[in-house]
Amino acid sequence: MDRKQITMSDLLSLAHLWSEYWMALTSGDFTAEQFNAMAVGWGSVGMMWGRPFAQVAVRPDRYTFQFMEEYDSFTVSAFSDQFDTAVEILGTQSGRDGDKIAAAGLTPIDASVVAAPCFAVAELVVECRKIYWQDLDPSHFLDAEIDTLYPEKNYHRVYFGEIIAITAVDSFPT
C-alpha cells in the first residue's frame, strides 16, 4: 500500500484519532522479529518540551509492556472500521500465548524510520522514539471515578514518544 508523509500540524488536527479509529500500539524490533502489539483506546498527540509527541498508556501486566521497557521505539497505527475484529484480537489475546498478530490476519512491516514495526493495512502510522514515562499515581486522580477503571489496581505506565515520522495512505483525511 502506498503511503504519504503528513505533517505534525496535520496530525494535531486529528486529535480525535482515539475516538474515531481502531488503534494499535506496537513495540520491539521488526528486523530481530522481537515485537508485540496491543489495542490502545487511550492516548493523545500534542507538543511537549518543544517536540511533537504521541502518548500511550500500557498496564504493567500486558505482554507489550516488556517490549515498551526494553526497546526505544514504538508505533501507533490507526485502522479503519473494517479491521475492528483484528484490532480487538490484539486487545483481547496475549502474545505470550501465541501469534495473535497472525490470528488477527495482520501483516507487520518495517516502519519508515524506527525499529518497531507497523502494519501493511494501517491507514495512519505514527513512529515514535521514547522520551519519557510516568506511572499513574491514583493519589493524583482529582475525579474519584477514574479509580473505578482500575478494579485490580494495575495502573498504567504512560509513555511519551517523540514523533519521528508520520505516514498515511493516500485516502487518509488530512
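As the structure is a computational prediction, the values presented were derived from the model and not from experiment.

Cut-offs applied
- Residues numbered from 1 in each chain as written.
- Predicted model: local features only at pLDDT ≥ 70, side-chain atom pairs only at ≥ 80, totals over all residues.
- Heavy atoms only, no water.
- Helix = DSSP H or I, 4+ residues; strand = E, 2+ residues; numbered from the N terminus.
- Rg over C-alpha atoms; globule rule 2.2 N^0.38 Å.
- Contact = heavy atoms within 4.5 Å.
- Areas by Shrake-Rupley, 256 points an atom, 1.4 Å probe, with all protein chains shown as cover.
- Core = buried A, V, L, I, M, F, W, Y, C linked by side-chain atoms within 4.5 Å.
- Buried < 20%, exposed > 50% of the residue type's maximum accessible area, 1.4 Å probe, protein only.
- Arc of directions from axis to C-beta.
- Pairing = 2+ DSSP bridges.
- pLDDT = per-residue confidence, 0-100.
- Salt bridge = Lys/Arg side-chain N within 4 Å of Asp/Glu carboxyl O.
- 1 Å grid on protein atoms, 1.4 Å probe; cavity = no way out; pocket = protein on both sides within 12 Å on 5 of 7 lines; lining within 4 Å.
- Points joined across faces, edges and corners; volume = space filled by probe spheres on them.
- Nonpolar A, V, L, I, M, F, W, Y, C, P; charged D, E, K, R; others polar.
- Polar contact = N/O pair within 3.5 Å; in protein donor to acceptor, adjacent residues only side chain to side chain.

**Digging into the overall build of the protein chain**
So, point 1. Each helix and strand in the protein chain was counted, giving 5 helices and 10 strands.
So, point 2. Against the globule reference of 16 Å for 174 residues, the protein chain gives a C-alpha radius of gyration of 15 Å, in line with a compact fold.
So, point 3. Referenced to the eigenvectors of the C-alpha coordinate spread, the extents of the protein chain come out at roughly 45 × 40 × 30 Å.
So, point 4. Considering only contacts within the protein chain whose residues lie at least 6 apart along the sequence, 74% involve residues at least 24 apart.
So, point 5. As displayed, the protein chain has an accessible area near 8,700 Å², and 50% of this comes from carbon and sulfur atoms.

**What about the nonpolar core?**
So, point 1. Counting 26 residues, the largest nonpolar core has W18, M23, L25, V56, L124 and V126 as its most contacted members.
So, point 2. Of all the elements in the fold, those that place two or more residues in this core are α2 (17-20), β2 (22-29), β5 (51-58), α3 (63-70), β6 (73-79), β9 (124-135) and β10 (157-169).
So, point 3. When neighbours within four sequence positions are excluded, V56 is seen to be in contact with W18, L25, W42, M68, F74, V76, R157, V158 and Y159.
So, point 4. Core analysis: the next-biggest nonpolar cluster, separate from the first, contains 19 residues, A24, F83, L106 and C118 among them.

**A few points about helix α4 (residues 84-92)**
So, point 1. Buried within α4 are the following residues: A86, V87, I89 and L90. Buried residues in α4, looked at end-on, bunch into an arc of 150°, giving them a common side.
So, point 2. Check the buried side of α4 and you find it contacts β2, β3 (34-39), β6 and α5 (100-103).

**So, the pairing of strand β4 (residues 43-48)**
So, point 1. One ladder, built from 6 bridges, connects β4 with β5; its direction is antiparallel. What sits directly across from M47, in β5, is P52.
So, point 2. Linking β4 to β5, which pair antiparallel, is a turn of 2 residues; within it W49 sits at a positive phi near 55°.

**Focus on the confidence of the model for the protein chain**
Low pLDDT marks stretches whose predicted atomic positions should not be read closely.
So, point 1. Averaged over every residue, the pLDDT of the protein chain is 92; the share at 70 or more is 95%.
So, point 2. Within the protein chain, strand β7 (residues 108-109) carries the highest mean pLDDT (98), whereas helix α1 (residues 8-12) carries the lowest (66).

**Concerning the pattern of salt bridges**
So, point 1. The final tally for this structure, using the stated rule, is 5 salt bridges.
So, point 2. The partner of E69 in a salt bridge is R157, with the nearest N and O atoms 2.8 Å apart. Here the residue E69 occupies a position in helix α3, and R157 occupies one in strand β10, the gap between them amounting to 88 residues.
So, point 3. Take R157: its relative accessible area is 10%, and that puts it in the buried class.
So, point 4. Of the charged contacts, one joins D147 and K153 as a salt bridge, the two residues approaching to 2.9 Å between their closest N and O atoms.

**Considerations on the layout of surface pockets**
So, point 1. Reported here for the largest pocket is a volume of approximately 240 Å³.
So, point 2. Around the largest pocket, the lining comprises 13 residues; the ones closest to its centre are M38, A39, V40, G41 and W42.
So, point 3. Counting only elements with at least two residues in the lining of the largest pocket, the list comes to β2 and β3.
So, point 4. Looking at the lining of the largest pocket residue by residue, the classes come out as 9 nonpolar, 2 polar and 2 charged.

**What about the side chain of S73?**
So, point 1. Examined against the element boundaries, S73 turns out to sit in strand β6.
So, point 2. A polar atom in the side chain of S73 sits 3.5 Å from the backbone nitrogen of A115.
So, point 3. Polar side-chain contacts of S73 include one of 3.2 Å to the backbone nitrogen of A116.
So, point 4. Beyond its immediate stretch of four places on either side in the chain, S73 contacts S27, G28, V114, A115, A116, C128 and R129.

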